[in-house]
Structures are given as C-alpha cells and as structure tokens.
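Chain residues, written in single-letter form:
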Amino acid sequence: MLRSIGRQTAYFIGQTKCRSIPTNWSAIVCKNSSRDEHKFGSAVQQPCRHCATSHKVGQCESASTNENSHRKKKNYTNTINSNNETEGEATLLAQQLAQIDEEVAHLLALKAKLGDGPATPQKFTLKTPKGTRDYSPQQMMLRQGVLDKIIAVFKKHGGEAIDTPVFELKEVLTGKYGEDSKLIYDLKDQGGEILSLRYDLTVPLARYLAMSKISTLKRYHIAKVYRRDNPAMTRGRYREFYQCDFDIAGTFDPMLPDAECVKIVSEVLDTLDIGEYVIKINHRQLLDGMFEACGVPADKFRTICSAVDKLDKSPWNDVRKEMIEEKGLDASAADKIGEYVRLNGGIELVSQLLADEKLKAVPSAVKGLENMQLLLKYCDAMGLSPKISFDLSLARGLDYYTGVIYECVLKAEPKIVQNGADAVEEQGAVGSVAGGGRYDNLVGMFDPKGKQVPCVGVSIGVERIFSVLEAKNVAAGIKTRTNDVEVYVASAHKGLHEKRLSILNSLWDQGIKAEHSYKLNPKLLVQLQYCEENQIPFAVVFGDSELTKGIVKLREVKTRKEDEVPLTELGNEIKKRLRN
C-alpha cells in the first residue's frame, strides 16, 4: 500500500480502490492526486511473477487470484506448524491461568471477609476450655512448691525420672481402663497413625518397659494427662491435670514394694501438711473371690467392680440399682455383695474374713486375704497402722489391677477455690488425693513374647492437693511470693543506671538473684515500695556520695535497717545474711 504524504491518498496493487475518490479504477496513477507518489516504477512494463508475460504493474488479471491463493497456502502451513509447536504451551498456560484465577478468588474472599475498613475485634467469650484453668504467678509458685516436695520424697526412696509422649497409639491405650475407656481423648489422623491423648502415666510406663526390654526400675513421672470426664472444678477435678506417679517394676518378695508405696503416700501428705487423711487398701483377688462367693458370673466381674468403685460417690442403694438394672445382676447376688462392701477395719478384719465360710471356699479370696494380712503387718512395722484402713468397698475400676489396691482420701472436707474466684466456694468433698495398686500383667500385653514384669505404684492427685492448699492460704490471708529475687539494686540519684548494671552484673556472677528498675532515673521511694510489695529481703541503695567513698547501703527491707558495706565486699555480705 502506498500513501500520499500531502493528501493522504493511497491505492492498492491488484485491488484498485483509491482513498482519494469513491470509485474503483485500474489506472496506475490517481488523477485526483497532485503528486507522483502514486506512480509505481513510472508505470513501466516489468516481468510479472503471476504470469509469463511482461506488462504494466497492476494490470495482471491473475495477480489478485494468485496472491490470495498464496496467502491461504502460507497461512495454512503456518497454522499446522504452529499447532504442533504450541499445543503443550497452551495446556501449560491454561493450567497457570486456572491457578491464578483460584488464587485471585481466594484473595477476594479474604478481602470480603476482612472488609475494607480497619479490623474489628472478634466478638466471643474469653474463657478456658471446659475442665481446664489458668494459673497465676502466685498459683504457679504454690504449685511448684508442692511438686518440689513430692519430688524430694520420690528421690528419697530412690526414684529415677522418665518422660513419655503426651499422646500414644490408640491401640496402646485401648482395653486397659474398662468402662473408663470412653473418657480417652482421640486425635484426628494427621499422618497415618491413629492416636489418643494419654489417660494416665501407668500404661505409657508399661509400654516403655516392654519396648525398652527393662525388667527392673524404680521410677517417678510427673506430667499432664487428659480425661474427657465431667469436670468438677470446685472439687479439683479437671479434664487436663497433672499426675505424680511413683512405680516399682521387677520381681520381688510379696508385699515389700507394695508397703513402701503406701509409705510414700503417707510421707507426701505429711510433708504437704494437707490435713488428716486415711489410706484405704484392698486386694483385687479378694474382690474377685468375693464376687464369686456371692454368685456373680465370671464375665461380669469387671462391670460389677466398676459399679462398686462408685461407692465413694454414691450411696449403696444407687449402686445396687445400677448392678441390677444396668449390669443385669441378680438381686440376691447384689444383696450379698452389699453385706461385704460395708465392712472396713484393720488386721482383725482379715482374721474375721479368713473365717468366713463362703470366702474360705474360694481360693482367690483366701490368697487375697493372706496378702492383705502380710501388707498390714509391714505397714504396722513402718508406723502406718493409724493412717490405713482395710476397706472392702474400695474397688478401683481400672482393668489392669491384679493385686493390692489403695486410695487416699481426706477426712475433712475443705473448701475449694474455683478458678478465677477471689472468694472461697461452698464447702464440698475433694475426694481421692492419691491412689494406685499392683498390675502384674500390663507389661506383658505389650511384649511380643508376653514376658511379664510385675509392677506396683501410686499416683498423687496433685491438682486436688493444690486446690486444698490454695484454699487454706486464701482463708489464712497468706500472700505467696512470685519470684526468688534476693536483692534489689536501687539508685538514689539521676544518671546512675550504668553503675546499677555494673553492680547487678557482679551479683549475678556470684550467683545472687538480683534485679533493678528498667527506668533510667526511677524515684527512690518507688524502688523501695517495689521491694516491700514483692517481699524482696534486701536492697542495695547508693548515690553519688556513697560511690565516692566506695561503699553502698545494704537495706533490710522488712525492718528498714541500713548498713554501710564496702562495694568490694557486697556479694559476700549478702550471702552471709541470706544464710542467717
């Protein structure tokens, strides 16, 4: 296509439509154009590429047809080649576009959710999950003090600490807890394994012993466990709580390790000064023998045992009704059980039961009574007789117990502080604060060859103990320190913050617990008030005049007495006063 620069006229070779006039024409030169730019080669004849003759350009009749045919053929060829080369690229491009569209849609959805304005706080009720609680610094100090005392008792008896995962394979926990298995928290499958949160620390210990091929161990373990139970916060019963376990694994002479576990429970509660308590003891073989003597079918032993285990929470009439209506036990058998489970006492009760005609006919009952007689004898040798009770109502519903079982309850019913409450809740029974027993067959469930490792242990209910001690402190108005700081470094004048840091560094290097204000120029009165409010025993006070003399004032916060001490002897003087 040629263009006229002045008048912007043009014509097309082979298709003579001129933009200068509204008609089609065949001439080479447009008569309406005033310039020669419309001429092509001065209208001379040239060899034509469309036919075999020479003629003026633009006058070949075959030109238009041949040009169109050539274009079509060229376009078709290019299309074939292009389709083969770009088919893969087109597919990839389509996938990328689809992915971009998906991301854009996601971002638009987020934008719609957040809105165009500033983010607004989400409206919901701030609370802890059901059956759980928070612990303030004061409560954590009290809790840590309780745990430290318990650990000291465990170590005194030769305990070694272990730890296990907070979750286990579900098959490890299944079938170990009887009716309480429904209280296990199951986790969603995230990686090909079906898992559950641990229900207690005993089954994980058995799995650990079997997996590690350990046949003798005296261990303690303090960790959280989880139960999907109906919580009773005012009684110290939670869904997430700590257990403090002490277990003795290995083959030993009868009742010696069992008696030591009873002693450990007594020492822990005496150390914590929790109040008067009684340790109830019984024997699983005696219970099974009693059920057999009363006419309970063997396949109902565990379910009836679970019912008897509720006697500490429910009256006998309710338990009897459950046995008959829910467990399908004959009424006469239930009544016979009722005659036994009301009995409790000491070694004299063992002699009475050994003379019972129905129990004498059942070998397992006789064996259980003989073990109880030996256990009570050992407990008496350790001075435990006033604190224990042989109680036939004690059942402990966990399936893995095979021998002696025990449970500790408080004689008094202390008031319990509910989470977040400043006032003391209405008085209510705490229930069991410790429990345990012998489980000789549990480890063998996990060993490939069924190798048995006899075990006996006790678990301290630290949450309930903590609730009782917290209530006692609230009632007595006792304020608990939340840190262990021994000395506070205070400056009396401005610009002494670097010297405070130097003194602090020297005290820290000597192992002294110390702190100071994080303000450059704090007021001296504010610093001293902080010491009194946080019960810090000593304060180091200095100003420009003291530093000039190379001394500081060591202040006893409680009495407000101050003594001048050489700066070089400050650490030794503080240590001496702390010892006194």
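Keep in mind that this is a model prediction, so the values were computed, not measured.

What follows covers the overall build of the protein. When you go through the protein residue by residue, the secondary structure sums to 17 helices and 20 strands. In the protein, which comprises 580 residues, the share counted as buried stands at 42%. Summarising the internal contacts of the protein: among those between residues at least 6 apart in sequence, 66% fall at separations of at least 24. Roughly 32500 Å² of accessible area belongs to the protein as shown, and the carbon and sulfur atoms make up 51% of that amount.

Turning next to the sheet that holds strand β15 (residues 455-460). Sheet architecture is open: nine strands sit in the order β5-β8-β9-β15-β14-β13-β10-β12-β11, paired in mixed fashion. The strands lining the two open edges of the sheet, one partner per strand, are β5 (160-161) and β11 (344-345). Where strand β9 (residues 240-249) meets β15, six bridges bridge the pair, whose relative direction is antiparallel. Within β15, the position partnered with Ile248 by the bridge is Val456.

Before going further, it helps to spend a moment on the packing of aromatic side chains. To describe a pair of aromatic rings, one takes the distance between the centres and the angle between the planes. One pass over the structure, following the stated rule, counts nine aromatic pairs. Ring geometry for Phe291 versus Phe301: centroids 6.0 Å apart, planes at 50 degrees, classification tilted. Taken together, the positions of Phe291 in helix α6 (residues 284-293) and Phe301 in helix α7 (residues 301-308) put the pair 10 residues apart, joining distant regions of the chain. For Phe301, a relative accessible area of 12% gives the class buried. Ring geometry for Tyr488 against Tyr530: centres 5.4 Å apart, planes inclined by 45 degrees, an arrangement best described as tilted. Of this pair, Tyr488 sits in strand β16 (residues 487-491) while Tyr530 sits in helix α15 (residues 524-533), and the two are 42 residues apart along the sequence. Residue class for Tyr488 comes out buried when judged on its relative accessible area of 4%. Joined through ring pairs, the aromatic side chains of Tyr177, Tyr199, Tyr400, Tyr401 and Tyr439 make up one cluster. Over the aromatic face of Tyr135 sits the side chain of Arg143, whose NZ or CZ is 4.2 Å from the ring centroid.

What follows covers the packing of α6 against α7. One can describe the packing of α6 onto α7 by two numbers: an axis separation of 11 Å at closest approach and a directional angle of 110 degrees. Regarding the angle of α6 to α7, the classification is roughly perpendicular. When α6 is examined against α7, the residues Arg284, Leu287, Asp288, Phe291 and Glu292 are found in contact with a partner set consisting of Phe301, Arg302, Ile304, Cys305 and Val308. Residue composition of the contact of α6 with α7, grouped by class: six nonpolar, no polar and four charged.

Spatial strand order, β17-β16-β18-β19-β20: five strands in an open sheet with mixed pairing. Both edges of this open sheet fall to β17 (514-516) and β20 (561-566), since each of them pairs with a single strand only. The average angle at which neighbouring strand axes cross in this sheet is 30 degrees, direction not considered. As judged from the six bridges shared by strand β19 (residues 551-556) and β20, these two strands associate in the antiparallel manner. Paired with Val552 across the strands is Val565, a residue of β20. Contacts from α15 reach β16, β17, β18 (538-542) and β19, with the element oriented near 170 degrees to β16. Packed onto the sheet, helix α17 (residues 570-579) meets β16, β18, β19 and β20 and runs at close to 15 degrees relative to β19.

All buried positions along helix α10 (residues 347-354) are accounted for by Leu349, Val350 and Leu353. Viewed along the axis of α10, the buried residues span an arc of 105 degrees, placing them on a single side of the element. Buried residues along α10 sit against α9 (331-341), β11, α11 (357-360), α12 (363-381) and β12 (388-391).

Right, let's talk about the packing of α6 against α12 for a bit. Relative orientation of the contacting elements α6 and α12 amounts to 145 degrees, with a least axis distance of 7 Å. Handedness of the α6/α12 crossing: left-handed. Packed against α6, whose contacting residues are Gln285, Leu286, Asp288, Gly289 and Glu292, the element α12 presents Ser364, Ala365, Lys367, Gly368, Leu369 and Asn371 at the interface. Residue composition of the contact of α6 with α12, by class: three nonpolar, five polar and three charged.

One non-glycine residue, Met255, lies in positive phi territory at about 70 degrees. The topology assignment puts Met255 in the loop between β9 and α5 (256-272). Despite not being glycine, Gln535 shows a phi value in the positive range, around 55 degrees. On the secondary structure map, Gln535 appears in the loop between α15 and β18.

A separate point is the pairing of strand β8 (residues 217-226). Counted residue by residue, β8 has seven buried out of 10 residues, so it is predominantly covered. Across two bridges, the pairing between β5 and β8 is parallel. Bridging across to β8, Glu160 finds its partner in Arg219. Sheet topology note: the β8/β9 ladder contains 10 bridges and is antiparallel.

For the rest of this paragraph, the subject is the side chain of Arg227. On the secondary structure map, Arg227 appears in the loop between β8 and β9. Despite being buried, Arg227 has no salt bridge partner; Asp200 is the closest side chain of opposite charge, sitting 5.0 Å away. Within the local environment of Arg227, its side chain forms a polar contact with the backbone oxygen of Tyr199, the two atoms lying 3.0 Å apart. Every residue in contact with Arg227, bar those within four places of it in the chain, is listed here: Leu183, Tyr185, Tyr199, Asp200, Arg239, Phe241 and Gln243.

About the criteria used
Each residue is numbered by its place in its chain's sequence as written, counting from 1. Local features in a predicted model are, by the rule used here, given only for residues with pLDDT of at least 70; side-chain atom pairs are given and counted only at 80 or more, and totals for whole chains, interfaces and linings are based on all residues. Excluded from the side-chain calculation are hydrogens and water; included are all heavy atoms of the structure. A run of DSSP states H or I qualifies as a helix once it reaches four residues; a run of E qualifies as a strand once it reaches two. Both are numbered from the N-terminal end. To sort residues, take the accessible area from a 1.4 Å probe on protein chains only and compare it with the maximum for the residue type: under 20% means buried, over 50% means exposed, and anything in between is partly exposed. A contact between two residues is defined here by any heavy atoms of the two lying within 4.5 Å. Note on areas: these come from Shrake-Rupley sampling with a 1.4 Å probe, and a residue is covered only by the protein chains present in the view. Here, strands pair whenever DSSP counts at least two bridges between them. Here a pair means two rings of Phe, Tyr or Trp (six-membered ring of Trp) with centres within 6.5 Å. Their orientation is stacked below 30 degrees between planes, edge-to-face above 60, and tilted elsewhere. The rule for a charge over a ring is simple: NZ of Lys or CZ of Arg within 6 Å of the ring centre, and within 35 degrees of the ring normal. In this analysis, axes come from line fits to C-alpha atoms, helices being fitted only over the stretch in contact, and the angle between any two N-to-C directions falls in the range 0 to 180 degrees. Just so you know how the angles are binned, under 35 degrees is roughly parallel, over 145 roughly antiparallel, 65 to 115 roughly perpendicular, and the rest oblique. In the scheme used here, Gly and all other residues not listed as nonpolar or charged are polar, with Ala, Val, Leu, Ile, Met, Phe, Trp, Tyr, Cys and Pro taken as nonpolar and Asp, Glu, Lys and Arg as charged. Taking the helix axis as origin, the arc is that swept by the directions to the C-beta atoms. Helix crossings fall into two classes, left-handed where the near helix is turned counterclockwise from the far one by less than a right angle and right-handed where it is turned clockwise. Neither His nor the chain ends contribute to the count of charged residues, in which Lys and Arg are positive and Asp and Glu negative. Any carboxyl oxygen of Asp or Glu within 4 Å of a side-chain nitrogen of Lys or Arg constitutes a salt bridge here. What qualifies as a polar contact is a pair of N or O atoms within 3.5 Å, subject to a donor-acceptor requirement within protein and to the restriction that residues adjacent in sequence count only when both atoms come from side chains.

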